[in-house]
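Commentary on secondary and tertiary structure
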There are 2 protein chains.
Amino acid sequence: MTARPSGKLKPRKRPVQARSLATIEAIFEATIQVLLHGGARALTTNRIAERAGVSVGTLYQYFPAKEALLYALVSRHLDKAGQAVEQACQAHSGASLSDCADTFVDAYIDAKAGDVAVSRALYHASTELDMQDLGAAMIARLHQAVRGLLEHVQGERFEPLDSIVFSWVAVVTGGTRVLFEEDGTAERLPAFRAQLKLISRAYLDSIRTIETKASSTPTGECQSNV
Amino acid sequence: MTARPSGKLKPRKRPVQARSLATIEAIFEATIQVLLHGGARALTTNRIAERAGVSVGTLYQYFPAKEALLYALVSRHLDKAGQAVEQACQAHSGASLSDCADTFVDAYIDAKAGDVAVSRALYHASTELDMQDLGAAMIARLHQAVRGLLEHVQGERFEPLDSIVFSWVAVVTGGTRVLFEEDGTAERLPAFRAQLKLISRAYLDSIRTIETKASSTPTGECQSNV
DNA sequence: CAAATATATGAGCAAATGCTCAGAATTTTT
DNA sequence: AAAAATTCTGAGCATTTGCTCATATATTTG
């Protein structure tokens, strides 16, 4: 289900001894540090290696290209967040509508808020490269989790489900990103989280239709999407 | 009110003859073309000049650095969008709540949807540089326009206004950006627009309080923000 | 211990990039 | 038409970047 890197993005060598694992970890950590300290422009393989306390050659023994390193790092980060959201959604399956709304909002924000600076840095770094597949995989994952959440709300039905899921996820993830790019993220976060829950609850509440009744499409404009 | 570039971001020379103005326009256009064709990685000053049909020297006569060129281009683009939204908001001042919701959603999406590819390209290019001031100025502009819109809804009051404005703007702009990064933006756009209106209407409707009555804060968590 | 395997080193190459500058070409002014 | 002002040219410099490879060190295996 996870996007598998191809060509130059695939890791070069798998570590077998303990020290090499530690080296890779150091490289990952150094990458984040360089990114945080100097931004995407300062992110050179030589600098990363220096900061990690290894030589460039070592870096290139595990990653065939700078892109591959970033790819692995972003992949890792997204995977953690995706897993957290999936878990939360499954744990709250069958909950009430407003609980569902809160569940997704909290899960997503918490997953990203763990380290705002890292999230921001990795995002900026990722836009340079062509890793749309990673972003797409993440979104697909969120879609599936949220879809499951909405499908199991007792006695309610949402149509058109695809469109609703897409829009809700877009609004929550996109809105959070805007917050994270802003200065003063931390201070704004609590209020934003509360408002995002209000938004989600109000939205889902306004478009829900009671089950087993004839469902009249709430909007005339949209029907379905591929 | 507009952010003024300082240091290396300030244009170098002002055009006085007609041909130089055309040259600058060609450089702008070429920048967009190169960006669209090869992405941020391929955006070099030599390539831009070549595509524009001028020499690099000419480019550097008007822009002291590559950054300055991009800064001017993004500034221009954001300004156009900001102006469009401001105008729409002012034109619909005093409208009903759901009209207000639709107004902002339509104005913002239309401003960005004019040329999806350009929006996307410029956004990606801008993340590399440090032009947070431009983004901040744009957001501040949107905030003010939306605040004016909500303040003039007859007989309704929104509190805490700052928090509501921030969240609504974040959700609309962020959600739209997610859509624009996705594949198949065009096909998804109509459905998303409709859902975004539903989201906005449901949200604003759920938090409105009748004027001249004692306003009870709808959420306990959030009060105000600096 | 020795052979085999795994890991680490870092000087330096090839390519690319941002940008300059001395002067040519064009337009405007006198 | 000459002088002045403006605009344009593009070869090439200084620097940076991603990355390699011959060699050295460390760890495991037989």
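Residues numbered from 1 in each chain as written. Chains lettered and ligands numbered in written order. Predicted model: local features only at pLDDT ≥ 70, side-chain atom pairs only at ≥ 80, totals over all residues. Heavy atoms only, no water.

**Concerning the relation of the copies chain A and chain B**
Condition: The copies were overlaid with a least-squares fit restricted to C-alpha atoms from residues scoring a pLDDT of at least 70 in each copy. Contacts are assigned to residue pairs that have any heavy atoms within 4.5 Å of one another.
Overlaying chain A on chain B yields an RMSD of 0.0 Å, the required transformation being a rotation through 180 degrees with an accompanying axial translation of 0.0 Å. Such values leave the two copies arranged in the relation of a two-fold axis. Closest to the rotation axis within chain A is the C-alpha of Gly174(A), separated from it by 1.9 Å. In this assembly, 98% of the residues forming the interface of chain A have copies in chain B that are likewise at the interface, indicating an isologous arrangement.

**Some details on the UniProt feature "DNA-binding region" (unreviewed entry) in chain A**
Quick reminder of the rule: UniProt positions are given in the numbering used here, feature names are shortened, and annotations may be inferred rather than shown by experiment. Only DSSP runs of H or I reaching four residues or more are called helices, and only runs of E reaching two or more are called strands; each is numbered from the N terminus.
In the numbering used here, UniProt assigns the "DNA-binding region" (unreviewed entry) feature to residues 44–63 of chain A. Regarding residues 44–63 of chain A, the helix share stands at 75% and the strand share at 0%, and the terminal C-alpha atoms are separated by 14 Å.

**Quick look at the nonpolar core**
The condition that has to hold: Throughout this description, the term nonpolar core refers to a set of buried Ala, Val, Leu, Ile, Met, Phe, Trp, Tyr and Cys residues connected via side-chain atoms within 4.5 Å. Whether a residue is buried, partly exposed or exposed follows from its accessible area with a 1.4 Å probe, protein chains only, as a fraction of its type maximum: under 20%, in between, or over 50%, in that order. Bear in mind that the domain bounds are from an automatic or database domain assignment.
Of all hydrophobic cores here, the largest spans 144 residues; its most connected members are Phe104(A), Leu204(A), Phe104(B) and Leu204(B). If you count residues domain by domain, this core takes at least three from each of domain 1 (9–64) and domain 2 (70–210) of chain B. Residues contacting Leu204(B), with those up to four places away along its chain left out, are Leu97(B), Ala101(B), Leu150(B), Phe158(B), Ile164(B) and Trp168(B).

**Quick look at the side chain of Thr31(B)**
Here Thr31(B) is to be found in helix 1 (residues 18–38). Once residues within four sequence positions are removed from consideration, Thr31(B) is found in contact with Leu43(B), Ile48(B), Leu69(B), Leu70(B) and Leu73(B).

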